[in-house]
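Per-entry structural report
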4 protein chains.
Amino acid sequence: MTAILSKNSYGKSAIRVLKVNKSSPIHKIKEFTVNICLEGDFETVHTKGDNRKCLPTDTMKNTVYAIAKDHSINSIEEFGIDLAKYFLTSNEQISKVKIEIEEKLWNRIMINDESGETSEHDHSFVSGGNEKKTAEIIITRNEVFINSGIKDLLILKSTGSGFENYFKDKYTSLKETNDRVFSTSVKAVWSFASRDVDYISVHKNVRKSILEIFARQHSLSVQQTLYDIGKNILEICEEVSEISLTMPNKHYLPFNLEQFGMENNNEIFIPTDEPFGLIEA
Amino acid sequence: MTAILSKNSYGKSAIRVLKVNKSSPIHKIKEFTVNICLEGDFETVHTKGDNRKCLPTDTMKNTVYAIAKDHSINSIEEFGIDLAKYFLTSNEQISKVKIEIEEKLWNRIMINDESGETSEHDHSFVSGGNEKKTAEIIITRNEVFINSGIKDLLILKSTGSGFENYFKDKYTSLKETNDRVFSTSVKAVWSFASRDVDYISVHKNVRKSILEIFARQHSLSVQQTLYDIGKNILEICEEVSEISLTMPNKHYLPFNLEQFGMENNNEIFIPTDEPFGLIEA
Amino acid sequence: MTAILSKNSYGKSAIRVLKVNKSSPIHKIKEFTVNICLEGDFETVHTKGDNRKCLPTDTMKNTVYAIAKDHSINSIEEFGIDLAKYFLTSNEQISKVKIEIEEKLWNRIMINDESGETSEHDHSFVSGGNEKKTAEIIITRNEVFINSGIKDLLILKSTGSGFENYFKDKYTSLKETNDRVFSTSVKAVWSFASRDVDYISVHKNVRKSILEIFARQHSLSVQQTLYDIGKNILEICEEVSEISLTMPNKHYLPFNLEQFGMENNNEIFIPTDEPFGLIEA
Amino acid sequence: MTAILSKNSYGKSAIRVLKVNKSSPIHKIKEFTVNICLEGDFETVHTKGDNRKCLPTDTMKNTVYAIAKDHSINSIEEFGIDLAKYFLTSNEQISKVKIEIEEKLWNRIMINDESGETSEHDHSFVSGGNEKKTAEIIITRNEVFINSGIKDLLILKSTGSGFENYFKDKYTSLKETNDRVFSTSVKAVWSFASRDVDYISVHKNVRKSILEIFARQHSLSVQQTLYDIGKNILEICEEVSEISLTMPNKHYLPFNLEQFGMENNNEIFIPTDEPFGLIEA
């Protein structure tokens, strides 16, 4: 039996960058993490230990910082596209570049001036929490694919959600309810109908749509809410051609107060991390 | 040699609770985690396997949910005090109760109504991020100690911070700078000069003071900023008698662009998690 | 524009199970985590909020425990296959079942008996660390796919590894070396040439091969070592038809002692988590 | 009100080191993480922004690597003592040094030679899992305190453990049992009756004692097991003067199979992380 090297790839992950744009006294900051993954003519690196076509992952890391220096980084999508193109252009042995970028969010600190007015500080920031912006860019010699996304957008509604009339079998123990807590950590990834998109503004509209549908809809199932969110985004954001949503159901279980002769009118819940329902479309 | 049982304690940790207050259609939610630790006459539990004085940790957990049901939980401090008192009153073998509570923050989702006005939704929430409120209550038969706190308040300033003129020895390699990125995840714990405090309002003032001093001050060292924050809080919040601050220095290292013939005017940094400086007072 | 529901799936993740096999006084234990993901005729669940074809994720969870009760669980692969078949057989609306299982490893505690002989204890265990066994089973109405795997197998060699003669460009700063620390957390996933395989014994042979090649080979690159490991497994384990290996390069950077007039003969390293090289084939 | 600076300290945390001892072809490796915390005359650093007495945390980090270079690091205790003494001796403004060290464990990879004999490889290692050795050294101008420890030693017994006859009240719902799964992640910290101790050998004996008592004893409560372990260590290891043990009760809850007409003879359990009982003495 002869071993055949099929698909292979390599790259550098978790390259962390902070770029401070000081072109005005009102600093802009972008903090993000880059993963790079290359495919190409790397067969002899594997089979012969011949590294002559191997771009070291350390050089990939250096390149990220060097490109970041002169790039405006208006959006992580635009930065990722230019970074991917750089690798393809300057390395003829590479056939495909995948760049993933995840942006941490920072908000300006609000301060009171002497007159009591509140304003945003020029160069001081407070964390925007766990929620992240994501971008994935895949470039080959012929094609460019761009996905934008939101990750770890954690939301909860304390009523306006039920789950009833589902399929039952001998292992069913779940009780039907028309009033439960519904909490999920939304992950959304979308692609675009055209080029030259304003990535920042599309992101803002997608996020707004997720929050509004989640808040307003009386949910009959996670699936239904997920579908309605997706439908609404495709209606409202004409730049978006496709969207995939992942909404793990983070269970809040009603605590059994009845065993102590007390009533629990959907007021006291046990938050749980495991197991969780995972709904995707 | 005879083994002597010195200090011992036991309890339940990581009891997670969501309380939904439905007294009005505008729901209020509190999500928090409780740790309970008891000391008392538990010698024979250890030395003889005699469990008659042992309140099971499972019962402690149940008690948290049962007490939460009828408690307004205006603040985690008030809830913790009442919970601690319950254990002390109903278990004569207990001499000391320590309750730690950590509250996750949720903000109301903002939605547009038909007229385009923005308003807070009644029962839908988005995560307030990693930052948490904390409370520690220690009660004995004679005394009550209450600490409030903030945890994981992550902040960053992109200028207005330096570190110069420090002690140098043969292992010094750090370069002096009057312009660096300063980022820290603040932990603050304070105690009170009096009883009957408005815990919510003190928390708000402490948080505001931290952000304002951090933003406005030109920092000569983490220590100086930490001290000035503490001093300002003691001046502004008269309810606070003592405050301890922990500010790990989360390093953002300038990337060496000079090796590629480029300049780095404090624009391109490598965020790092390890190692970090830890400053406390 | 009409929204079209394309691929959708749902399931339960992170279902944790401990099975104690008490058929002899020498207990056997298996601790594992199950993820279940279903595809099928769920369109109206999404588009109409009609749950009649929706098997609740809570029922999936119950089913895992119920099936585990009477199953020998000799291997996680055999358990996963039977679990997947159960879902397909008892739910005609389901077209595809994916089961992922991850097993934590426990070793027997060794104790000395009175005569000083060391032996394995009947029912007491110590954790086998982070390393895990994995299995992935995908079943449709026509086909069965089975993958076995190893995850988080963390290894390190303190010499016998170099990286030289690689591609250089204007952003190269890495120094060539014929002696470096090589550490990686191996992930391996393999599929089978035939049915009725002894999964436990194949796993043992694959693991042995990874460790031996890693230890013996003088590595010219991570890619070369990865390839040689894969090649060796395909030669030695005839049951394995295909194997994919992921070996993130966990960097140990030589500390610059030269700046203090000292020599570092590859003795003092800084372990780092970020960034890391990721090599796959 | 005048702000008074009370206790303050600062230092560097999470300094990661790998030392490869190459004094023979059979390499020895030590991987560990160091936290350093200093107290002393740092008032003006805080109150005046005067850094002249401030030893930068970056220099502390450099010092760890420099001292590690020429130190045999036979044990982390010996290394920590010498490191602490260095800081005290070379910085007169320092009054107290606290060093915490945590060692990751690596085992040699076993390989077969041509004759089929199994032997330990010279320079290749596999992770020893999550368990860690710990050391804490506190040195002032007059005194030296040394603690050794074990952390994250995860153990489980599938029978031989019960919990009965405990205190009951109106919130009791736990069922008495004479057969349950008992799992805990042991943390042990001990101090010494004398100087010039063989730290490695004491660690080995403490670990052995924990495992043996845990395995052999029929446990009536976590407290009883913890006490008997502590008692046994004080009897067997005469170098140990005091030991504190922390044993969080990692609950494995019997799954309710009875609801489906099946029996659960302590065979099927749900492992849970939260909440957990925490027992200390």
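Nothing here was measured: the structure is a model prediction, and the numbers come from that model.

**With respect to the overall build of chain A**
When its secondary structure is counted, chain A shows five helices and 10 strands. A compact globule built from 281 residues should have a C-alpha radius of gyration of about 19 Å, whereas chain A, at 24 Å, is more than 25% larger. Along the first, second and third principal axes, the C-alpha atoms of chain A reach 75 × 75 × 40 Å. By residue count, 59% of the 281 residues in chain A fall in the buried class. By sequence separation, contacts in chain A at least 24 residues apart represent 61% of the contacts at least 6 residues apart. Looking at chain A as shown, the accessible area adds up to about 11,800 Å², and 46% of this sits on carbon and sulfur atoms.

**Description of the relation of the copies chain B and chain A**
Put simply, the second copy of the chain is the first one after a rotation about an axis and a shift along it. With an RMSD of 0.0 Å, the fit of chain B onto chain A corresponds to turning through 180 degrees and sliding 0.0 Å along the axis. Taken together, the turn and the small shift mark the pair as related by a two-fold rotation axis. Identified as the residue of chain B closest to the rotation axis by C-alpha distance is Gly-129 of chain B, at 1.9 Å. Both copies share a contact surface, since 100% of the interface residues of chain B are interface residues in chain A too.

**A look at the confidence of the model for chain A**
As a general rule, the predicted coordinates of low-pLDDT regions are not to be interpreted in detail. For chain A, per-residue confidence averages 95 on the pLDDT scale, and residues scoring 70 or more make up 99% of the total. In the predicted assembly, ipTM is 0.94 and pTM is 0.95.

**Digging into the interface of chain A and chain D**
At the interface, eight residues of chain A touch eight residues of chain D. Both faces considered, chain A and chain D share a buried interface measuring about 590 Å² in area, 57% of it formed by carbon and sulfur atoms. For chain A, the biggest contributors to the area lost against chain D are Tyr-171, Ser-173 and Phe-260 of chain A; these three give 58% of the whole. Put simply, chain A and chain D have zero salt bridges between them. The interface formed by chain A and chain D includes zero residue pairs in polar contact (both at pLDDT 80 or more). Looking at the side of chain A that touches chain D, its residues break down into two nonpolar, three polar and three charged.

**A look at the side chain of Asn-232 of chain C**
Residues and elements named next belong to chain C. Tracing the chain through its elements places Asn-232 in helix 5 (residues 222-236). Here Ser-209 takes part through its side chain, which lies 2.5 Å from a polar atom of the side chain of Asn-232. With residues near it in sequence (within four places) discarded, Asn-232 still touches Ser-209 and Ile-213.

**Regarding the relation of the copies chain A and chain D**
Rotating chain A by 180 degrees and translating it 0.0 Å along the rotation axis places it on chain D, where the RMSD comes to 0.0 Å. Here 100% of the interface residues in chain A have copies in chain D that are interface residues too; the copies meet face to matching face.

**A look at the interface of chain B and chain A**
One widely used convention gives an interface's size as the accessible area the parts lose upon coming together. Counting residues at the interface gives 62 residues for chain B and 62 residues for chain A. Per-residue buried area on chain B facing chain A is highest for Arg-16, Leu-18 and Lys-69 of chain B; these three make up 12% of the total on that side. Where chain B meets chain A, there are six salt bridges. With a shortest N-O distance of 2.6 Å, Glu-267 of chain B and Lys-69 of chain A are connected by a salt bridge. For the interface between chain B and chain A, the tally reads 31 residue pairs in polar contact (both at pLDDT 80 or more). Counting residues per element, the ones that place at least two in the side of chain B that touches chain A are strand 1 (9-21), strand 2 (28-40), helix 2 (57-70), strand 3 (94-112), strand 4 (118-140), strand 5 (144-157), helix 4 (199-216) and strand 9 (268-271) of chain B. Looking at the side of chain B that touches chain A, the element that brings in the most residues is strand 4 of chain B, giving eight residues.

**Side note on the pairing of strand 5 of chain B**
Bridging between strand 4 (residues 118-140) of chain A and strand 5 of chain B involves three bridges; their strand directions are antiparallel. Following the sheet pairing, Val-126 of chain A is matched in strand 5 of chain B by Ile-155 of chain B. Bridging between strand 4 of chain B and strand 5 of chain B involves eight bridges; their strand directions are antiparallel. Residue Lys-132 of chain B lies in a different strand from strand 5 of chain B, and its bridge partner there is Lys-151 of chain B. Between strand 4 of chain B and the antiparallel strand that follows it, strand 5 of chain B, lie three residues.

**Remarks on the packing of aromatic side chains**
In the structure shown here, the tally under the stated rule is 40 aromatic pairs over all chains. Three or more aromatic residues joined by ring pairs make a cluster, and in this case those are Tyr-65, Tyr-86 and Phe-87 of chain A, Phe-255 and Phe-260 of chain B together with Tyr-171 of chain C. In this structure, Lys-157 of chain A packs its charged tip against the face of Phe-214 of chain A, placed 5.5 Å from the ring centre. When the ring centre of Tyr-166 of chain A is taken as reference, the NZ or CZ atom of Lys-168 of chain A above it lies at 4.6 Å.

**A short note on the side chain of Ser-219 of chain A**
Examined against the element boundaries, Ser-219 of chain A turns out to sit in the loop between helix 4 (199-216) and helix 5 (222-236). When near neighbours in sequence (up to four residues on either side) are disregarded, Ser-219 of chain A contacts Gly-160, Ser-161, Gly-162, Phe-182, Gln-224 and Thr-225 of chain A.

**What to know about the packing of helix 2 of chain B against helix 3 (residues 76-90) of chain B**
Residue and element names in this part refer to chain B. Contact geometry of helix 2 with helix 3 gives a least axis separation of 11 Å together with a crossing angle of 130 degrees. When the axis of helix 2 is compared with that of helix 3, the two are oblique. As for the relative orientation of helix 2 and helix 3, their crossing is right-handed in sense. Where helix 2 approaches helix 3, its residues Met-60, Thr-63, Val-64, Ile-67 and Ala-68 are matched on the opposing element by Phe-79, Leu-83, Tyr-86 and Phe-87. Residue composition of the contact of helix 2 with helix 3, by class: eight nonpolar, one polar and no charged.

Reading the values: the criteria
- Residues numbered from 1 in each chain as written.
- Chains lettered and ligands numbered in written order.
- Predicted model: local features only at pLDDT ≥ 70, side-chain atom pairs only at ≥ 80, totals over all residues.
- Heavy atoms only, no water.
- Helix = DSSP H or I, 4+ residues; strand = E, 2+ residues; numbered from the N terminus.
- Rg over C-alpha atoms; globule rule 2.2 N^0.38 Å.
- Buried < 20%, exposed > 50% of the residue type's maximum accessible area, 1.4 Å probe, protein only.
- Contact = heavy atoms within 4.5 Å.
- Areas by Shrake-Rupley, 256 points an atom, 1.4 Å probe, with all protein chains shown as cover.
- Least-squares fit on C-alpha atoms with pLDDT ≥ 70 in both.
- pLDDT = per-residue confidence, 0-100.
- Buried area = accessible area lost by both parts, 1.4 Å probe.
- Salt bridge = Lys/Arg side-chain N within 4 Å of Asp/Glu carboxyl O.
- Polar contact = N/O pair within 3.5 Å; in protein donor to acceptor, adjacent residues only side chain to side chain.
- Nonpolar A, V, L, I, M, F, W, Y, C, P; charged D, E, K, R; others polar.
- Pairing = 2+ DSSP bridges.
- Phe/Tyr/Trp six-rings, centres within 6.5 Å; stacked < 30°, edge-to-face > 60°.
- Lys NZ or Arg CZ within 6 Å of the ring centre and 35° of its normal.
- Axes fitted to C-alpha atoms, helices over the stretch in contact; angles between N-to-C directions.
- Parallel < 35°, antiparallel > 145°, perpendicular 65-115°, else oblique.
- Left-handed = near helix turned anticlockwise from the far one by under 90°.

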